[in-house]
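# Observations on the model geometry
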Amino acid sequence: MHTLSPNTVSVAELNPTVAQKGYGLLSANHVAQWAGCQLSELQALSPDWDDMPPDNYLKDGGRYRRRRHSSFVFHNEALTQVPHRAHWQSLDYNALHGGMERWFEPMHASTVATPAWIKLLTALAHTASQVRGTTNTKWCIEAHQFRIDTTDGIGRPTPEGAHRDGVDFVAVFMVNRTDIKGGETRVFEANGPHGERFTLSEPWSLMLLDDTRVIHE
């Protein structure tokens, strides 16, 4: 199957690219540089995606997605995990699964305490503040671990279709690909004609989106 490679940028180019286009992509090595850690530290997190509970809130009855979810606050250069809470989206942003509280199992405590995980979320908060041109901003971060299972012949990472999440920014890390074909990502201007499609194939590569400006699937 032919796939289109993403047009990645350097760490120095990420902020202006997101500001201009509404999204930007980093290779795995640049993600490690951006987060201030070694790529091997990020790769060491990958086994945490191996054993996850099923997503029991799929309205189409599918068995193709496993998921964990935890929430954090970044303020005054400190990352704090907040008490476990439901994930909720309005029907305006998610017509399929919006309008209901979805209580996913939390991320493992060992995962969120890993220095590489803390560095990733810190880098995200810093980048969000820089793109928005703000200082000392309090960022509320929802972290979702997804695993898409193609055992039944098809995987549906975004069963709701092309959408926005109703947040400021969305960061999509491609953790790994095993025995699958496809998995194409599409990004469109929310209020314009332009779009791009590509396949994230490198473990720990990143797509960072300004959710106020683009639609993704």
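Relevant structure appears above.
Notes on the structure in this doc start here. (Residues numbered from 1 in each chain as written. Predicted model: local features only at pLDDT ≥ 70, side-chain atom pairs only at ≥ 80, totals over all residues. Heavy atoms only, no water.)

### Quick notes on helix 1 (residues 11–21)
Taken together, the buried positions of helix 1 are occupied by Leu 14, Thr 17 and Val 18. Seen along its axis, helix 1 keeps its buried residues to an arc of 100 degrees; they face one direction. Within helix 1, the exposed residues directed more than 90 degrees away from the buried face are Ala 12 and Gln 20. At its buried positions, helix 1 is contacted by strand 1 (23–26), helix 2 (28–35), helix 5 (115–132), strand 5 (169–174) and strand 8 (205–210). Note on helix 1: the residue one or two positions beyond its end, Gly 22, has a positive phi of about 95 degrees. (Buried < 20%, exposed > 50% of the residue type's maximum accessible area, 1.4 Å probe, protein only. Helix = DSSP H or I, 4+ residues; strand = E, 2+ residues; numbered from the N terminus. Arc of directions from axis to C-beta. Contact = heavy atoms within 4.5 Å.)

### Things to note about the pairing of strand 6 (residues 184–189)
The pairing of strand 6 with strand 7 (residues 195–199) spans 5 bridges and is antiparallel. What sits directly across from Arg 186, in strand 7, is Arg 197. Sheet topology note: the strand 6/strand 9 (residues 214–216) ladder contains 3 bridges and is antiparallel. Counted as the bridge partner of Val 187 is His 216 from strand 9. (Pairing = 2+ DSSP bridges.)

### Some thoughts on the environment of Ile 118
Summarising the element assignment, Ile 118 is placed in helix 5. We classify Ile 118 as partly exposed; its relative accessible area is 33%. Residues Ile 118 and Ala 35, spaced 83 residues apart in sequence, show a C-alpha to C-alpha distance of 9.1 Å.

### Digging into the sheet that holds strand 3 (residues 78–81)
Strand order in the open sheet formed by 3 strands is 3-2-4, with antiparallel pairing between adjacent strands. Bordering the open sheet on either side are strand 3 and strand 4 (139–148), each of which pairs with just one other strand. Going across the sheet, the axis of each strand differs from the next one's by a mean of 30 degrees, ignoring polarity. Note: strand 2 (residues 65–75) against strand 4, 10 bridges, orientation antiparallel. The partner of His 69 across the bridge, within strand 4, is His 144. (Axes fitted to C-alpha atoms, helices over the stretch in contact; angles between N-to-C directions.)

### Remarks on the side chain of Glu 196
As for its placement among the helices and strands, Glu 196 is situated in strand 7. Classification of Glu 196 as buried rests on a relative accessible area of 16%. In this structure the side chain of Glu 196 is engaged in a polar contact, spanning 3.2 Å, whose partner is the side chain of Asn 7. Residue contacts for Glu 196: discarding those within four places in its chain leaves Asn 7, Lys 21, Tyr 23, Thr 185, Arg 186 and Val 187. (Polar contact = N/O pair within 3.5 Å; in protein donor to acceptor, adjacent residues only side chain to side chain.)

### Observations regarding the packing of aromatic side chains
Evaluation of the coordinates by the stated rule reveals 4 aromatic pairs. Centre to centre, the rings of Trp 49 and Trp 204 are 5.8 Å apart; their planes meet at 85 degrees, and the pair counts as edge-to-face. Here the residue Trp 49 occupies a position in the loop between helix 3 (39–43) and strand 2, and Trp 204 occupies one in the loop between strand 7 and strand 8, the gap between them amounting to 155 residues. The two residues Trp 49 and Trp 204 agree in class, both being buried. For the pair Phe 72 and Trp 117, a centre-to-centre distance of 6.3 Å together with 55 degrees between the ring planes defines the contact as tilted. Residue Phe 72 is located in strand 2, and its partner Trp 117 is located in helix 5; the two are separated by 45 residues in the primary sequence. What makes Phe 72 buried here is its relative accessible area of 2%. With a relative accessible area of 8%, Trp 117 lands in the buried category. An aromatic cluster of at least three residues, connected via ring pairs, comprises Trp 49, Phe 173 and Trp 204. (Phe/Tyr/Trp six-rings, centres within 6.5 Å; stacked < 30°, edge-to-face > 60°.)

### Focus: the pattern of salt bridges
One pass over the full model with this rule turns up 8 salt bridges. Linking Arg 132 and Asp 210 is a salt bridge whose minimum nitrogen-to-oxygen distance equals 3.0 Å. With Arg 132 in helix 5 and Asp 210 in strand 8, this pair connects stretches of sequence that are 78 residues apart. For the salt bridge of Glu 217 with Arg 186, the shortest nitrogen-to-oxygen distance reads 3.7 Å. With Glu 217 in the segment after strand 9 and Arg 186 in strand 6, this pair connects stretches of sequence that are 31 residues apart. Its relative accessible area of 33% is what places Arg 186 among the partly exposed residues. Taken together, the shared-partner salt bridges connect Glu 184, Arg 186, Arg 197 and Glu 217 into one network. (Salt bridge = Lys/Arg side-chain N within 4 Å of Asp/Glu carboxyl O.)

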